[in-house]
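# Residue-level structure breakdown
Residues per chain are reported as follows:
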Amino acid sequence: MPVLLDLPPTDPRVVNLMNAQQRELRAMYNDTDERTEPFDPATLSGEGSVLLAVEENGTLLACGALKRIEPDAAEVKRMYTVPEARGRGLGRQILAALIERGRALGYARLVLETGDLQAEAIHLYESAGFTRIPNYGYYVGIGNSLCYELPLAVQAARPAF
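Residues numbered from 1 in each chain as written. Predicted model: local features only at pLDDT ≥ 70, side-chain atom pairs only at ≥ 80, totals over all residues. Heavy atoms only, no water.

### Side note on the side chain of Glu 75
Our working rule: The numbering of helices and of strands both runs from the N terminus, where a helix is a DSSP run of H or I of at least 4 residues and a strand a run of E of at least 2. Polar contact is the term for a pair of N or O atoms within 3.5 Å; when the atoms are in protein, one must be able to donate a hydrogen and the other to accept it, and sequence-neighboring residues count only if both atoms are side-chain atoms.
In this structure, Glu 75 sits in strand β4 (residues 73-81). There is a polar contact of 2.7 Å between the side chain of Glu 75 and the side chain of Tyr 136.

### Considerations on the packing of aromatic side chains
Quick reminder of the rule: Note on ring pairs: Phe, Tyr and Trp rings are taken, using the six-membered ring of Trp, and paired if centres are within 6.5 Å. Classes follow the plane angle, with under 30 degrees stacked, over 60 edge-to-face and the rest tilted. When a residue's accessible area, from a 1.4 Å probe over protein chains only, is under 20% of the maximum for its type it is buried; when over 50% it is exposed; and in between it is partly exposed.
By the definition in use, this model includes 3 aromatic pairs. Between Tyr 125 and Phe 130, the aromatic rings sit 6.0 Å apart at their centres with planes inclined by 65°, giving edge-to-face as the arrangement. With relative accessibility at 6%, the residue Tyr 125 sits in the buried group. You can call Phe 130 buried: its relative accessible area is 2%.

### Here we look at unusual backbone geometry
Backbone geometry at Asn 57 places phi at a positive 55°, although glycine is not the residue there. Within the fold, Asn 57 resides in the loop between β2 (50-56) and β3 (59-70). Here the phi dihedral of Arg 78 falls at roughly 50°; this positive angle occurs in a residue that is not glycine. Among the structural elements, Arg 78 can be located in strand β4.

### Considerations on the sheet that holds strand β1 (residues 3-6)
Quick note on the threshold: Any two strands with at least two DSSP bridges between them are considered paired. Here the axes come from fitting lines to C-alpha atoms, over the contacting stretch only for helices, and the angles between their N-to-C directions go from 0 to 180 degrees.
Read across the open sheet, the 7 strands follow the order β1-β2-β3-β4-β5-β7-β6; overall the sheet is mixed. Where the open sheet ends on each side, the last strands, each with one partner, are β1 and β6 (131-133). Neighbour-to-neighbour, the strand axes of the sheet open up by a mean angle of 30°, direction not taken into account. In terms of strand pairing, β4 meets strand β5 (residues 109-115) through 3 bridges, oriented parallel.

Treat this as a map of the structure, not an account of what it does.
Pasting the structure below:
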């Protein structure tokens, strides 16, 4: 039975998941490093940051994080599910937990970036209520980046998961 865990971003198993995500993205986008923001897992150690992972039988299968980017906003980072565990709703479980954690931490909104070739991720985010916004920060001017936002302060209905 999968279990949701709070883990430090420097946990070697988490680092391995994030590295696997980056390898997969580089292959998908023909190794265009420009679309992937340089990232140090230790940046998730700050106040208001959260890293969640799904573990089953001692193995991490999925992860996702929140990183504070403004006093009232956080960015969803490093959402990833290992290929052999996809289709089980683990990413949806992590995203729902990150949204709830964002609310509990008092964030007014969450933002995220994904790539235009990641149809499953786009569907996940849109079905959770995220809507497209202009590219922000590092992603301004990167054509294959899609940026999204989810207001947390005023949300009448919960996303149908």
